[in-house]
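Observations on chain architecture
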Amino acid sequence: MELTPRPIEPAKKPRKWLPIILLTLVGLGGVVIVTQFLRSAIDYYCNVDEIGVRSGCEETTRLRVQGTVEQNSLQKIGSNTSFVMTFNNKSINVVYSGDPGGIFQECISVVAHGRMIDGTFESNRIEVKHSNEYAEKNADRIESSGSAACSQAQG
Amino acid sequence: MKDAGFIFGSYIVTLGAILMFAVSTLRRAKKSAQSVTDKDKTWL
Amino acid sequence: MSQVSQETSPTGTRATQAIGVLALAVMAWVVASGLLLTPQDVVQGESVRIMYVHVPSAWIAYLAFVFTAVASAGWLISKKHSMGFDRFAGASAEVGVMFMAITLITGSLWGRLTWGEFWQWDPRLTTTAFLFVTYIGYLAVRRLEGSVEQRARRSAVVALLAVLEIPLVHFSVVLWRSLHQGATVLNPNGDVKMDDLMLFTLFSGVVGFTLVFIWLVLHRQRTMLLVDVADNQGLDLAIVARRAEGPAN
């Protein structure tokens, strides 16, 4: 019987690189998200009544402003859209370069991105901030009120 | 239906992800079960 | 639990079969009602239909991550350190990550239709993305080298820390100014402003997704057990094979 010990080959255990790479990527992803978060998320917008009053809402900088589109204020002027945005009894005129589209309408809350120029907020991006209320679409109610969001806001 | 692509797309993504997860789990189970006796299948 | 055909599914039992059939029935109702029966929203129109898959998937992702934390605590606290706890934690986290991915994708589709944007770094979206990345990290920790006990210990600690992010995600719309709407059902004043069929379909979605979650976690954790046993058997068989070589030489 051959009892010579077998030559021992060094055990080659492949190192699991995938989890380490994945963890590194996760760490980097976390850093990117947190930095983005700290930069822009905590104060996502200023309310209309805070322009020029609250820190970070200076008229000289580019702002995101939140307010409600005033009823009967919506106008199309050439390729621009003009409306009055109100919050806490304070209003500003907004001119948006284009057609916001989507569910944009009067009486709905929006966040407009842009700058205050000569007392008018010139915006190049509008985001609709819809409420947490959901109701069945009712054709009669819409026709009589003129705006779905206004009819919902008025109950 | 307005915006049908977005709406149907969200349902397809949801159901498709669940289906893919279920199928991959069952396939992996079948593969691993070949070498495992019923004694180790504690749920039986 | 009695056995079902092991040919079709080695991880199946009569109970999982029943849960599966029930889940399919409820999900079929949710799809039919969500796409065809529920009315359009007065402001959002047809796009509200995305809510019936987006909201339940977010809630079930939260549930999965809480379950992962509870099972992880179970592993740490129990004297025997039963690996069943660890497998349940891992399976639940995997299912949770899948539901979180669904939440992010369906949310961005819904966001495009309502806000006009697929993505914005607002508090809710940012914290949700952070939660998603955290649990991918948790799954990566589970795949690090080491024994099953090391795997269980490391991942249990991560799970107990990661679950603390969930209140931050949920209350981000209250704590900070967010583009995302506030909670409709789980709002602090308890006043749910949603039409009846919409609300019923939403709750059906929660029930359906919960059944899917239970079915997936049961199968996944049993699969994990099979993989662990097969790995151990592979080692045992290698030792037996090596020993068997001895007399032949």
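The notes below deal with the structure included here. Numbering of residues starts from 1 in every chain and runs along the sequence as written. To read the labels, note that chains go from A and ligands from 1, taken in the order they are written. Only residues with pLDDT of at least 70 are given local features in this predicted model, and only at 80 or more are side-chain atom pairs given and counted; all residues enter the totals for whole chains, interfaces and linings.

Description of the overall build of chain C
Note the following rule: For the purposes of this entry, the term helix denotes a DSSP run of H or I that reaches at least four residues, the term strand denotes a run of E that reaches at least two, and both are numbered from the N terminus. Labels follow a simple rule on C-beta atoms placed from the backbone: if 20 or more others lie within 10 Å of a residue's own, it is buried; if 12 or fewer, it is exposed; otherwise it is partly exposed. By the convention adopted here, residues make contact when the C-beta atoms placed from their backbones lie within 7 Å.
Scanning chain C for helices and strands turns up seven helices and zero strands. Secondary structure elements of chain C, listed N to C terminal, follow the sequence α-α-α-α-α-α-α. Dimensions of chain C along its principal axes, counting C-alpha atoms only, are 85 × 40 × 30 Å. Looking at chain C as a whole, 47% of its 249 residues qualify as buried. Taking as baseline every contact in chain C between residues at least 6 positions apart, the subset at least 24 positions apart corresponds to 76%.

Observations concerning the overall build of chain A
A tally of regular secondary structure across chain A gives three helices and seven strands. Secondary structure of chain A in N-to-C order comes out as α-β-β-β-β-β-β-β-α-α. Counting all 155 residues of chain A, 28% fall into the buried class. Counting only contacts in chain A whose residues sit at least 6 apart along the sequence, the fraction spanning at least 24 positions is 44%.

A short note on the pairing of strand S4 (residues 80–87) of chain A
Residues and elements named next belong to chain A. Let me state the cut-off plainly: A strand pair is defined by DSSP finding two or more bridges across the two strands.
Here two bridges tie strand S2 (residues 63–69) to S4, and the two strands are oriented antiparallel to one another. Among the inter-strand pairings, Thr68 is bridged to a residue of S4, identified as Thr86. In this sheet, S4 lies alongside strand S3 (residues 75–77) in antiparallel orientation, the contact comprising three bridges. Across the sheet, residue Ile77 finds its bridge partner in S4, namely Asn80. From the end of S3 to the start of S4, which pair antiparallel, there are two residues, and Gly78 there has a positive phi angle of about 65 degrees. The pairing of S4 with strand S5 (residues 90–96) spans seven bridges and is antiparallel. The residue bridging Val84 from the neighbouring strand is Asn93, located in S5. From the end of S4 to the start of S5, which pair antiparallel, there are two residues, and Asn88 there has a positive phi angle of about 55 degrees.

Examining the interface of chain A and chain C
On the side of chain C, 41 residues touch chain A, which itself brings 40 residues to the contact. Those elements giving two or more residues to the side of chain A that touches chain C turn out to be helix H1 (17–41), strand S7 (120–128) and helix H3 (148–154) of chain A. Counting residues per element, the side of chain A that touches chain C draws most heavily on H1 of chain A, which supplies eleven residues.

What to know about unusual backbone geometry
Positive phi, normally seen in glycine, also occurs at Asn89 of chain A, with a value near 65 degrees. With 7 C-beta atoms packed within 10 Å, Asn89 of chain A lands in the exposed category. A positive phi angle, close to 50 degrees, is found at His81 of chain C, a residue other than glycine. Structurally, the position occupied by His81 of chain C is in the loop between helix H2 (51–77) and helix H3 (83–114). The class of His81 of chain C is partly exposed, set by 16 C-beta atoms lying within 10 Å.

Section: the nonpolar core
Stated formally: We define a nonpolar core as a collection of buried residues of the types Ala, Val, Leu, Ile, Met, Phe, Trp, Tyr and Cys that are connected via C-beta atoms lying within 7 Å of each other.
Formed by 96 residues in total, the largest nonpolar core has its most connected members in Val65, Val110 and Ala112 of chain A together with Ala64, Tyr135 and Val212 of chain C. Broken down by element, this core gets its largest block of residues, 15 residues, from H3 of chain C. In this structure, Ala64 of chain C is in contact with Ser92, Ala93, Val95, Gly96, Phe99 and Phe213 of chain C, ignoring residues within four places of it in sequence.

Observations concerning the interface of chain B and chain C
Heads up, the condition is: The classification used treats Ala, Val, Leu, Ile, Met, Phe, Trp, Tyr, Cys and Pro as nonpolar, Asp, Glu, Lys and Arg as charged, and all other residues, Gly among them, as polar.
The interface of chain B with chain C comprises 27 residues on the first partner and 35 residues on the second. Class assignment for the residues of the side of chain B that touches chain C results in 15 nonpolar, six polar and six charged.

Notes on the packing of helix H4 (residues 123–142) of chain C against helix H5 (residues 148–162) of chain C
All names here are of chain C. Definition in use: Every axis in this analysis is a line fitted to C-alpha atoms, fitted for helices over the stretch in contact. Angles between the N-to-C directions lie between 0 and 180 degrees. Geometric relationships in this document are graded by angle, where less than 35 degrees denotes roughly parallel, more than 145 denotes roughly antiparallel, 65 to 115 denotes roughly perpendicular, and other angles denote oblique.
It is at 9 Å that the axes of H4 and H5 come closest, and there the two elements cross at 170 degrees. Judged by the angle between their axes, H4 and H5 are roughly antiparallel. Residues Thr134, Tyr135, Tyr138, Val141 and Arg142 of H4 form the contact with H5, whose participating residues are Arg151, Arg154, Ser155, Val158, Ala159 and Ala162.

A closer look at the packing of H4 of chain C against helix H6 (residues 165–175) of chain C
All names here are of chain C. Counted only if it meets this: Here a crossing is taken to be left-handed if its near helix is turned anticlockwise relative to the far helix by less than a right angle, and right-handed if that turn runs clockwise.
Look at H4 against H6: their axes get within 8 Å of each other, and the N-to-C directions meet at 165 degrees. One element, H4, and the other, H6, form an angle in the roughly antiparallel class. Classified by chirality, the crossing of H6 by H4 is left-handed. Residue-level inspection shows Pro123, Arg124, Thr127, Thr128, Phe130, Leu131 and Thr134 of H4 in contact with H6, the latter providing Glu165, Leu168, Val169, Ser172 and Val173. Of the residues in the contact of H4 with H6, the class split is six nonpolar, four polar and two charged.

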